[in-house]
Amino acid sequence: MESASADGTRFVLALMLSIHKGINFLFLVKVFSMDREFAYTDADFKKVRSELRAFAGINLADSKVSLVYSRLAPRVRKLGLNSVKQYLSYLESHPAEQESFINALTTNLTSFFREPHHFELLHEFIQSGEQCEKIWCAASSTGEEPYSIAMTVVKSLGRFDAPIKIVASDIDSSVLNKASNGVYSIDKIEAIANKKNFFLRGKGPNTGMARVVPELRNLIEFKQVNLLDSNYPVKSGMDVIFCRNVMIYFDKETQVQILEKLLEKLRPGGLYIAGHSENFNHLGHLMTPVGRTAYRKV
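> Hey, could you run me through the pairing of strand β10 (residues 294-297) in this one?
Working note: regular strand, side chains alternate between the two faces of the sheet. In this sheet, β10 lies alongside strand β8 (residues 266-273) in antiparallel orientation, the contact comprising 3 bridges. Within β10, the position partnered with Leu-271 by the bridge is Arg-296. Of the pairings in the sheet, the one linking strand β9 (residues 287-291) to β10 comprises 4 bridges and is antiparallel in character. Paired with Met-287 across the strands is Lys-297, a residue of β10. The antiparallel hairpin formed by β9 and β10 contains 2 residues in its connecting segment, where Thr-293 sits at a positive phi of about 50°.

Have a look at this one:
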């Protein structure tokens, strides 16, 4: 009886597992057989994940199937190709396409003074009288973060001709161009205190837009940097480094490798600002926590 009971239990479990796998299979079939303009398969998705990991170190989750298609479809269309597979072949034979591939797939969610406690900490750091002449924003995206840093500098010192230089970098050339232009919709800047000191409102065809004032723009140098590169084209001796909500896209080993390279550019005692989703308290041999996701280099 015990043997029959055990066999019955195994049969039920096997049936449940089979049904579960069947549901997953049907889900995958549905995902990849959706009515799309261009052919797109599970193999294509896996290839995209592999290439993005190789080019930029970014790990795409299984749930990003549809996002990948929506981001790459415009490139497939522009190049006159018929499928994502054809696009991936094009990518292999045209190394210059790597930049467009990375630009299409990297996420650039940002806003002015996001995580405001970090800018309060920067304000205190500047006003403390401690050396603060060089700041690096290592994931500038469309510019809201480096301009927030620049506005904090101006507010802290009370002038635009501050003896502080800000370097802002990103892997995505298209967002760097937008950041360098410094033009944003009015709704993006509405919550900024004293915004009239930092932005010029557009008129006529530019109504509804605003541009950062030249004095603020002049505080920032924009440059393209891939954090996976062995060397960064950024001067050493940085006093502050912002690198927020970027490490979550890398595996643990890559995170440590990137962090070590970033810290090579930061002076001892310098301030490292991470994102709300990142925690490096376990790396006490490299830096010590001094606030919410903020650290000092050992």
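> Hey, could you run me through the pattern of salt bridges in this one?
When the charged atoms of two side chains lie near each other, side chains of opposite charge can form a pair. All told, the structure shown has 15 salt bridges when counted by the stated rule. With a closest N to O distance of 2.9 Å, Arg-244 and Glu-145 form a salt bridge. Of the two residues, Arg-244 sits in the loop between β7 (238-242) and α11 (252-264) while Glu-145 sits in helix α7 (residues 144-157), which places them 99 residues apart along the sequence. On the basis of relative accessibility, which here comes to 7%, the residue Arg-244 falls in the buried class. Put simply, Glu-190 and Arg-201 hold a salt bridge, and the shortest N to O gap is 3.5 Å. On the criterion of sequence distance, the pair formed by Glu-190 in the loop between α9 (186-189) and β4 (199-201) and Arg-201 in strand β4 is long-range, its members being 11 residues apart. For Glu-190, a relative accessible area of 38% gives the class partly exposed. Taken together, the shared-partner salt bridges in this structure form one network comprising Glu-130, Asp-239, Arg-267 and Arg-296.

Calculation notes
Residues numbered from 1 in each chain as written. Predicted model: local features only at pLDDT ≥ 70, side-chain atom pairs only at ≥ 80, totals over all residues. Heavy atoms only, no water. Pairing = 2+ DSSP bridges. Helix = DSSP H or I, 4+ residues; strand = E, 2+ residues; numbered from the N terminus. Salt bridge = Lys/Arg side-chain N within 4 Å of Asp/Glu carboxyl O. Buried < 20%, exposed > 50% of the residue type's maximum accessible area, 1.4 Å probe, protein only.

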